[in-house]
Amino acid sequence: QGPFILSYARDRSVWGYGKSGSLLLSHYGAPYDMVRLETAFRNIRFVFFTAELEQYPPIAQFYYTMPAGAAADSVTVKKRLSGHRLEFTLGDRLTLGFHETVVYGGRWDMAYLNPVMFLKGAEHSNGDHDNAAMGADFRFFINRAHSVYGELLIDDITTTKLGTDWYGNKLAYQAGT
């Protein structure tokens, strides 16, 4: 096994430690086709993936223009998901993870295929039309059989409206043992 693992698969990506699933990527979602790149060096692990999501029922559609009275064909807009995660293992007890994802549709965007690009920065550069999210999580082992964990997810944050009750700022958190 080399320093990099490149895979193409139909699977799920699970990030975080929640027993009933994590906030962003969990084992509850349907599997999807993805290209995944993983690497690790000492106590640091990096994962990047890009995937094509299936939408069911198809809610975003384009309708072809047809003459009056003719049936219109529709095409479902393909949604895509790109994300990366950086994980640090500190000693035998603590693991810290930082992750970022973006969901976009109707196109392949080269900025989102770059494994080391800040996805929120790319999304902002593209006009803030896509859905970027970021988060952090931890797991701390109290002893071999017991741990505590937590996760914070930030979705669609507008920094100028922090501290207000504006609907666009979405935060989620979970903690458990």
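Structure shown above.
What counts, and at which threshold
- Residues numbered from 1 in each chain as written.
- Predicted model: local features only at pLDDT ≥ 70, side-chain atom pairs only at ≥ 80, totals over all residues.
- Heavy atoms only, no water.
- Helix = DSSP H or I, 4+ residues; strand = E, 2+ residues; numbered from the N terminus.
- Contact = heavy atoms within 4.5 Å.
- Polar contact = N/O pair within 3.5 Å; in protein donor to acceptor, adjacent residues only side chain to side chain.
- Salt bridge = Lys/Arg side-chain N within 4 Å of Asp/Glu carboxyl O.
- Buried < 20%, exposed > 50% of the residue type's maximum accessible area, 1.4 Å probe, protein only.
- 1 Å grid on protein atoms, 1.4 Å probe; cavity = no way out; pocket = protein on both sides within 12 Å on 5 of 7 lines; lining within 4 Å.
- Points joined across faces, edges and corners; volume = space filled by probe spheres on them.
- Nonpolar A, V, L, I, M, F, W, Y, C, P; charged D, E, K, R; others polar.
- Pairing = 2+ DSSP bridges.
- Axes fitted to C-alpha atoms, helices over the stretch in contact; angles between N-to-C directions.
- Phe/Tyr/Trp six-rings, centres within 6.5 Å; stacked < 30°, edge-to-face > 60°.
- Lys NZ or Arg CZ within 6 Å of the ring centre and 35° of its normal.

Okay, the environment of Thr 89 next. Here Thr 89 lies in strand 6 (residues 79–90). Considering only alpha carbons, one finds Thr 89 and Arg 42, 47 residues apart in sequence, at a separation of 8.8 Å. Ignoring anything within four residues of it in the chain, the contact list for Thr 89 reads Asn 43, Leu 94 and Thr 95.

Another point: the side chain of Asp 137. Mapped onto the elements, Asp 137 comes out in strand 8 (residues 131–143). At 2.7 Å, the side chain of Asp 137 and the side chain of Arg 85 are in polar contact. The contact partners of Asp 137, leaving out residues within four places of it in the chain, are Gly 16, Tyr 17, Arg 85, Thr 95, Leu 96, Gly 97, His 99, Gly 150 and Glu 151.

This part covers the pattern of salt bridges. Enumeration over the complete set of coordinates arrives at eight salt bridges. Two residues, Glu 87 and Arg 85, come together in a salt bridge whose shortest N-O distance is 2.9 Å. Judged by relative accessible area, Glu 87 falls into the buried class, the value being 13%. Classification of Arg 85 as buried rests on a relative accessible area of 3%. The closest approach of N and O atoms between Glu 123 and Lys 120, which form a salt bridge, is 2.9 Å.

Attention now moves to the layout of surface pockets. What the largest pocket holds in volume is close to 340 Å³. Lining the largest pocket are 17 residues, and of these Leu 25, Ala 30, Tyr 32, Leu 53 and Leu 81 sit closest to its centre. Residue assignment for the lining of the largest pocket shows that the elements contributing at least two residues are strand 7 (94–105) and strand 8. Here the lining of the largest pocket is composed, by residue class, of nine nonpolar, five polar and three charged. What lines the second largest pocket is simply Phe 46, His 84, Arg 85, Leu 86, Phe 98, His 99, Glu 100, Pro 115, Val 116, Met 117 and Phe 118. Sorting the residues of the lining of the second largest pocket by element identifies strand 6 and strand 7 as the ones contributing at least two each.

Evaluation of the coordinates by the stated rule reveals one cavity of 30 Å³ or more. The volume enclosed by the largest cavity comes to roughly 30 Å³. What lines the largest cavity is simply Lys 120, Ala 132, Ala 133, Met 134, Ile 154, Asp 155, Asp 156 and Ile 157. Residue assignment for the lining of the largest cavity shows that the elements contributing at least two residues are strand 8 and strand 9 (146–155). No other element matches strand 8, which puts three residues into the lining of the largest cavity. Its residues assigned to classes, the lining of the largest cavity shows five nonpolar, no polar and three charged.

Strand order in the open sheet formed by eight strands is 1-2-3-6-7-8-9-10, with antiparallel pairing between adjacent strands. Edge positions in the sheet fall to strand 1 (4–11) and strand 10 (170–176), since each of these pairs with one other strand and no more. Looking at each pair of strands side by side, their axes are set apart by 15° on average, direction ignored. Direction of pairing for strand 1 relative to strand 2 (residues 32–41): antiparallel, over a ladder of eight bridges.

What follows concerns the packing of aromatic side chains. Enumeration over the complete set of coordinates arrives at three aromatic pairs. Judged by centre distance (6.3 Å) and plane angle (25°), the rings of Tyr 32 and Phe 49 are stacked. Within this pair, whereas Tyr 32 is found in strand 2, its partner Phe 49 is found in strand 3 (residues 44–53), the two being separated by 17 residues in sequence. Note on accessibility: Tyr 32 and Phe 49 belong to one class, buried. Taking the centre distance of 6.3 Å and the plane angle of 70° together, the rings of Phe 88 and Phe 98 count as edge-to-face. Placement of the pair is Phe 88 in strand 6 and Phe 98 in strand 7, with a sequence separation of ten residues. Note that Arg 80 overlies the ring of Trp 108, its terminal NZ or CZ placed 4.2 Å from the centroid.

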